[in-house]
Amino acid sequence: MDLAVETHGLTRTFGTLRAVDGIDLAVPAGSFFGFLGPNGAGKSTTIKCLTGLLRPSSGTMRILGLDPMTDPVAVKRRIGVVPEDLALFDRLTALETLTFVADVHGLDESVARERANDLLDLMDLKAAGATLVTDFSHGMRKKLSLAAALLPAPRLLFLDEPFEGIDAVASRQIKELLHSFVERGGTIFLTSHILEIVERLSTHIGVIANGRLVAQGPIEELRTGAAGAHSLEELFIKLVGGDTRAPVALDWI
Amino acid sequence: MFRTLRAFAWMRWRVLMNSIERTGTRDTLERLSIAVEQIGPLIALGLMLPSAGLLALLGGYTGYLLPGAERVLPFNAIRILLALATGFCVLGPILLPTMERTSAVRLLLLPIPQRVLYIAQASGALSDPWLLLAVPVLLGIPVGLALHGALAGAAIAVLAGLALLITLVGLSALTAFALHLLVRDRRRGELVTLLVVIILPAIGLLPSLLMTSKTRAERRAERVARAERVARGDETRLERAARVGARAYTVLPSELAARATKSTADGDARGALMPLAGLAVTGLAFHGVAFVAFGRLLAAPGSSSRRQSATATSTRRAWIPGLSRAEAAVAHAQLRLALRTPRGRSMLISPLIVFAMFAALAVRQHEVELARLSLSGGLMLTAFSCAICLLSILPFALNQFAVDRAGLTLTLLSPISDRDLLIGKAVGNGLIAAMPAALCVMIAYAVFHDGPLALWINIVPGFVSTYAASAPAAAALSAVFPRSVNLNSIGRGSNAHGLAGFIGMIVMLAAGFPAAALTLVFTRIVGSPLLALVFVTVWCAIALIGSRLLFTVVAGIFERRRENLGLVVRK
């Protein structure tokens with residue numbers, strides 16, 4: 001099986017905190033991989049390590065068969081990322097942002113123009129093409145960040161909470177787009193707190209809790225493996241130990 | 001109400017302490033970087049205590065001397081200090097980036113009446129250093145008066161001091177709230193910021209520009225002549241403005257308080273009534289208007305800014321001769337950042353204003369003296385202006401990665417090598433400095449047209465060599481000492497890291513030394529401007545090649561600090 005993302009003992013520490021604790025990820029090429037975990041579990045740190053924003057404290061990684069530590073530029077040519085902070089220049093317009101991405105990826109001017117127009121159209125940002133990013137709403141920024149990630153036609157997409165703050169219409173279009181991306185052989189590595197979205201879109205999932213990978217594999221396999229888990233939410237709660245916590249009653253409310 | 005005020009005071013104290021104690025540092029170098037940043041405020045805080053003690057002594061001594069005295073020198077000093085505090089009440093809220101006390105959205109959610117909220121917010125001004133330092137003076141004077149036996153005078157002085165403090169708090173609140181109303185619209189705010197950024201240095205330069213090398217006797221004769229002209233009603237516009245300004249000074253709140261104190265110290269309690277009443281009315285007026293402004297802020301706390309469109313409407317590839325597309329894209333992004341932020345625009349405009357002021361004076365006086373640097377002729381003036389252009393980009397050049405904020409993450413995620421990124425940034429910064437410099441050179445050449453042509457041409461390699469020699473150091477300092485900045489703010493909020501700024505300034509001056517020295521040697525000693533041009537051009541080529549090589553070394557430093565950079569910009 002071809003792996004788009006492969007890690008062995010990937011660890012990242014911040015002082016005494018082990019944010020990512022020796023995880024062995026195996027994301028099949030052409031899969032829609034949902035990476036789940038409670039708040040502070042280490043999802044974003046893992047994505048930052050995989051995309052080269054953070055250097056792992058130990059462990060190895062291979063992205064599309066390449067080592068991002070030794071060949072970071074080659075890896076970045078093949079991936080697209082929508083990071084947590086959306087990574088946009090405040091003082092560029094939407095169109096200039098896409099032009100910047102096209103330039104650093106070395107795309108032809110005509111190709112860049114065509115793709116930028118298509119993406120702005122898809123994201124309903126065409127009217128805001130000449131608007132500075134600083135004047136964008138959160139949802140608009142998210143859409144532009146996604147457009148910037150898609151522009152160079154990457155083979156692997158890392159999406160950190162891509163649907164947060166996006167309206168229903170755009171969200172539906174983006175889901176369809178991501179589906180067709182996977183159907184054409186692309187791989188998506190997505191984190192989201194909206195389990196329904198992950199359940200509907202993902203073919204595979206990985207669950208991280210306290211920096212450790214507690215499960216990974218095809219979503220159906222995991223669900224049938226966990227006794228009595230009828231939904232992803234149930235499976236998730238079981239895996240992260242949420243079912244063992246006593247319900248809290250605030251009598252004063 | 002007391003509990004609310006106590007809660008606000010506690011909140012401000014914790015915010016201050018947390019900013020010092022909990023820095024979220026991730027490695028030793030960043031800890032050092034933050035420690036250096038905090039040394040300045042900590043030293044200032046340390047100096048406040050003895051300063052407050054000395055000021056209290058000065059106040060007490062003045063109060064003791066005041067009754068019956070014709071002219072008390074320390075009293076005049078105190079008047080000046082209080083006038084300065086009054087000025088800072090206006091300038092402080094404009095210049096300091098920490099005007100959190102007017103974050104109205106947060107306050108709207110609190111179950112507190114607007115009146116109490118206003119008092120809690122406005123009283124935050126009492127923690128401003130200029131008001132903190134005014135308190136011991138204002139306390140010292142009545143103590144001194146009481147020690148001298150003028151108890152009634154002491155009581156009035158307490159009243160005057162209290163009224164002055166309340167008035168200054170009102171003035172500070174009024175400025176802060178009015179400013180927030182003004183800058184709520186982002187574009188209007190940026191315009192105001194830009195104007196302040198440009199006007200302040202220009203005002204700072206005025207005394208140096210107006211300073212003349214006249215003797216004391218000449219100045220005295222001038223004063224006498226001016227007095228005669230005033231008596232004849234034949235004064236110039238400038239003199240009339242100065243006279244009005246002097247009259248306005250007498251109605252400053254600090255002057256009203258001083259007059260009330262002096263009158264009562266001299267046993268003229270009635271004479272103290274008018275200034276005290278004036279102070280009360282002024283204070284009430286300030287607080288009244290500030291309260292209305294605060295109410296308007298609370299009524300519509302959101303930004304009223306319309307979306308701003310830039311001119312670009314098509315995908316036009318970045319192109320700069322000699323650079324790869326990726327390098328050119330980085331350079332373009334840096335240039336756009338400068339063109340579209342108040343701090344960036346100020347870097348482009350301020351040198352032009354300085355140039356224009358000196359050029360105007362040079363035309364009028366044929367020679368300008370600034371800090372004993374005689375700028376005779378257009379050539380020297382242009383060289384000086386080019387140096388200002390280079391120095392003015394330091395806030396950007398010495399923090400060239402962190403100024404991008406989230407944009408840096410996009411760059412770090414892009415398939416661009418560290419070296420290409422550094423070169424793109426260096427070219428972008430160079431262009432920011434070169435644009436006003438080119439304008440200065442062209443205008444100066446058109447206006448003055450003096451000196452040998454070779455020396456005019458010599459300015460170009462001199463400028464390029466200075467920038468090229470300093471650019472790798474600027475990149476290294478930016479990587480080692482990044483600082484999260486807000487380019488909409490003025491002053492410290494958009495400055496580079498203090499240590500980077502200090503070292504960068506020295507490096508920039510040192511980088512300009514070879515070109516300046518070669519020019520001086522070949523023009524003054526050898527007497528050949530042409531040879532100066534040749535040698536400075538050779539030095540420029542060496543600097544460019546050396547710079548390219550040095551960027552390889554700096555790329556290594558950047559590679560080691562890129563993770564920290566990414567974390568700093570996300571703060």
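Report follows, based on the coordinates. (Residues numbered from 1 in each chain as written. Chains lettered and ligands numbered in written order. Predicted model: local features only at pLDDT ≥ 70, side-chain atom pairs only at ≥ 80, totals over all residues. Heavy atoms only, no water.)

## Quick word on the overall build of chain A
Here's step 1: The helix and strand tally for chain A stands at 9 helices and 10 strands.
Here's step 2: A globule of 253 residues ought to have a C-alpha radius of gyration of about 18 Å, and chain A, at 19 Å, matches this closely.
Here's step 3: Dimensions of chain A, computed from the C-alpha atoms along their principal axes, are close to 55 × 50 × 40 Å.
Here's step 4: Going through the 253 residues of chain A one by one, you find that 55% of them count as buried. (Helix = DSSP H or I, 4+ residues; strand = E, 2+ residues; numbered from the N terminus. Rg over C-alpha atoms; globule rule 2.2 N^0.38 Å. Buried < 20%, exposed > 50% of the residue type's maximum accessible area, 1.4 Å probe, protein only.)

## Some thoughts on empty space enclosed by the protein
Here's step 1: Taken as a whole and assessed by the stated rule, the structure comprises 5 cavities of 30 Å³ or more.
Here's step 2: Quantified by volume, the largest cavity comes out at close to 140 Å³.
Here's step 3: Around the largest cavity, the lining comprises 16 residues; the ones closest to its centre are Val81(A), Ala148(A), Ala149(A), Leu410(B) and Leu413(B).
Here's step 4: Residue assignment for the lining of the largest cavity shows that the elements contributing at least two residues are strand E6 (79-82) and helix H5 (138-150) of chain A together with helix H17 (406-413) of chain B.
Here's step 5: Across the lining of the largest cavity, the residue classes break down as 12 nonpolar, 4 polar and no charged. (1 Å grid on protein atoms, 1.4 Å probe; cavity = no way out; pocket = protein on both sides within 12 Å on 5 of 7 lines; lining within 4 Å. Points joined across faces, edges and corners; volume = space filled by probe spheres on them. Nonpolar A, V, L, I, M, F, W, Y, C, P; charged D, E, K, R; others polar.)

## Thoughts on the layout of surface pockets
All names here are of chain B.
Here's step 1: One number sums up the size of the second largest pocket: a volume of about 960 Å³.
Here's step 2: Contributing to the lining of the second largest pocket are 27 residues, with Met380, Ala383, Phe384, Ala516 and Thr519 lying nearest its centre.
Here's step 3: Going through the elements one at a time, strand E2 (373-376), helix H15 (377-392), helix H19 (453-480) and helix H20 (498-525) are the ones with two or more residues in the lining of the second largest pocket.
Here's step 4: Here the lining of the second largest pocket gets 10 residues from one element, more than from any other, and that element is H20.
Here's step 5: The residue makeup of the lining of the second largest pocket, split by class, is 19 nonpolar, 7 polar and 1 charged.

## Considering the interface of chain B and chain A
Here's step 1: Tallying the contact residues gives 45 residues for chain B and 44 residues for chain A.
Here's step 2: Counting across the interface, chain B meets chain A through 6 salt bridges.
Here's step 3: Two residues, Arg12(A) and Glu563(B), come together in a salt bridge whose shortest N-O distance is 2.6 Å.
Here's step 4: Our enumeration of links across chain B and chain A arrives at 11 residue pairs in polar contact (both at pLDDT 80 or more).
Here's step 5: Elements that contribute at least two residues to the side of chain B that touches chain A include exactly helix H8 (186-210), helix H13 (325-339), H17 and helix H21 (529-569) of chain B.
Here's step 6: Of the residues assigned to the side of chain B that touches chain A, the class counts are 15 nonpolar, 13 polar and 17 charged. (Contact = heavy atoms within 4.5 Å. Salt bridge = Lys/Arg side-chain N within 4 Å of Asp/Glu carboxyl O. Polar contact = N/O pair within 3.5 Å; in protein donor to acceptor, adjacent residues only side chain to side chain.)

## Thoughts on the packing of helix H5 (residues 114-122) of chain B against helix H7 (residues 151-183) of chain B
Residue and element names in this part refer to chain B.
Here's step 1: Between H5 and H7, the shortest axis-to-axis distance is 10 Å and the interhelical angle comes to 100°. Of the possible angle classes, the one that applies to H5 and H7 is roughly perpendicular. Together, Tyr118, Gln121 and Ala122 of H5 and Val169, Ala173 and Phe177 of H7 make up the contact between the two elements.
Here's step 2: Of the residues assigned to the contact of H5 with H7, the class counts are 5 nonpolar, 1 polar and no charged. (Axes fitted to C-alpha atoms, helices over the stretch in contact; angles between N-to-C directions. Parallel < 35°, antiparallel > 145°, perpendicular 65-115°, else oblique.)

## So, the pairing of E6(A)
All names here are of chain A.
Here's step 1: By the alternation rule, side chains of E6 split into Ile79 and Val81 and Gly80 and Val82, which are all buried.
Here's step 2: Pairing of E6 with strand E7 (residues 156-160) involves 4 bridges; the strand directions are parallel. By the bridge assignment for E7, Gly80 is matched with Leu157. (Pairing = 2+ DSSP bridges.)

## Some thoughts on the pattern of salt bridges
Note on pairing: side chains with opposite charge can pair once their charged atoms come close.
Residues and elements named next belong to chain A.
Here's step 1: Counted under the stated rule, the structure contains 20 salt bridges over all chains.
Here's step 2: The salt bridge partner of Lys143 is Asp167, with a shortest N-O separation of 3.5 Å. Here the residue Lys143 occupies a position in helix H5, and Asp167 occupies one in the loop between E7 and helix H6 (168-183), the gap between them amounting to 24 residues.
Here's step 3: Of the residues examined, Lys143 reaches a relative accessible area of 7% and is grouped as buried.
Here's step 4: The class of Asp167 is partly exposed, set by a relative accessible area of 39%.
Here's step 5: When the shortest N-O distance is used, the salt bridge between Arg172 and Glu176 registers 3.8 Å. You can see Arg172 and its partner Glu176 sitting in helix H6, 4 residues apart, about one turn around the helix.
Here's step 6: Bridged by salt links that share partners, the residues Arg18, Asp21 and Arg212 form one connected network.

## What to know about the nonpolar core
Here's step 1: In terms of nonpolar packing, the biggest core is built from 156 residues, with Phe158(A) and Phe189(A) touching the most fellow members.
Here's step 2: Per-element accounting of this core gives the leading share, 12 residues, to H19(B).
Here's step 3: When neighbours within four sequence positions are excluded, Phe189(A) is seen to be in contact with Val5(A), Leu25(A), Val27(A), Phe33(A), Phe35(A), Ile47(A), Leu50(A), Leu157(A), Phe158(A) and Leu159(A).
Here's step 4: Counting 51 residues, the second largest nonpolar core, distinct from the first, contains Phe8(B), Leu82(B), Leu164(B) and Leu174(B). (Core = buried A, V, L, I, M, F, W, Y, C linked by side-chain atoms within 4.5 Å.)

## Examining the sheet that holds strand E4 (residues 32-36) of chain A
All names here are of chain A.
Here's step 1: An order of E6-E7-E8-E4-E9-E10 is seen for the 6 strands of this open sheet, with the pairing classed as mixed. Looking at the sheet topology across the chains shown, the edges are occupied by E6 and strand E10 (212-218). Neighbour-to-neighbour, the strand axes of this sheet turn through a mean angle of 15°, independent of strand direction.
Here's step 2: Where helix H9 (residues 232-240) meets the sheet, it contacts E4, strand E9 (204-209) and E10, and its direction lies at approximately 35° from that of E9.

## Notes on unusual backbone geometry
Generally, phi is negative for residues other than glycine and the peptide bonds are trans, each holding for most cases.
Here's step 1: For Glu161(A), which is not a glycine, the phi torsion comes out positive at approximately 50°.
Here's step 2: For Glu161(A), a relative accessible area of 12% corresponds to the buried category.
Here's step 3: Positioned with a positive phi, His449(B) is a non-glycine residue whose angle comes to about 55°.
Here's step 4: As for its position among the elements, His449(B) is in the loop between helix H18 (418-447) and H19.

## Overview of the packing of aromatic side chains
Here's step 1: Summed over the entire model, instances satisfying the criterion amount to 14 aromatic pairs over all chains.
Here's step 2: Taken together, a centroid distance of 5.3 Å and an interplanar angle of 80° make the contact between Phe358(B) and Phe384(B) edge-to-face. Taken together, the residues span a long stretch of sequence, with Phe358(B) in helix H14 (residues 342-365) and Phe384(B) in helix H15 at a distance of 26 residues.
Here's step 3: Phe358(B) gets classed as buried once you look at its relative accessible area, which sits at 1%.
Here's step 4: Members of the aromatic cluster, joined through ring pairs, are Phe33(A), Phe35(A), Phe158(A) and Phe189(A).
Here's step 5: Positioned over the ring face of Phe163(A) is Lys175(A), at 5.9 Å from the centre of the ring. (Phe/Tyr/Trp six-rings, centres within 6.5 Å; stacked < 30°, edge-to-face > 60°. Lys NZ or Arg CZ within 6 Å of the ring centre and 35° of its normal.)

## Quick word on a nonpolar patch on the surface
Residues and elements named next belong to chain B.
Here's step 1: Residues Val521, Ile525, Val526, Leu530, Leu531, Val534, Phe535, Val538 and Ile542 make up a contiguous nonpolar surface patch of roughly 800 Å² in combined accessible area.
Here's step 2: Elements supplying a minimum of two residues to the nonpolar patch: H20 and H21.
Here's step 3: By residue number, the principal contributor to the nonpolar patch is H21, which donates 6 residues.
Here's step 4: Residue position: Leu531 is located in helix H21. (Patch = residues over 30% accessible without salt bridge, like charges linked within 9 Å, V, L, I, M, F, W, Y side chains within 5 Å. Areas by Shrake-Rupley, 256 points an atom, 1.4 Å probe, with all protein chains shown as cover.)

## Some thoughts on the packing of helix H3 (residues 94-104) of chain A against helix H4 (residues 109-122) of chain A
Residues and elements named next belong to chain A.
Here's step 1: Running from N to C, H3 and H4 cross one another at 135°; their axes reach a closest spacing of 10 Å. In terms of orientation, H3 and H4 fall into the oblique class. Pair H3 / H4 crosses with right-handed handedness. In this structure, H3 uses Ala94, Leu95, Leu98 and Ala102 to contact H4, whose residues at the interface are Ala112, Ala116 and Leu120.
Here's step 2: Of the residues belonging to the contact of H3 with H4, the class tally is 7 nonpolar, no polar and no charged. (Left-handed = near helix turned anticlockwise from the far one by under 90°.)

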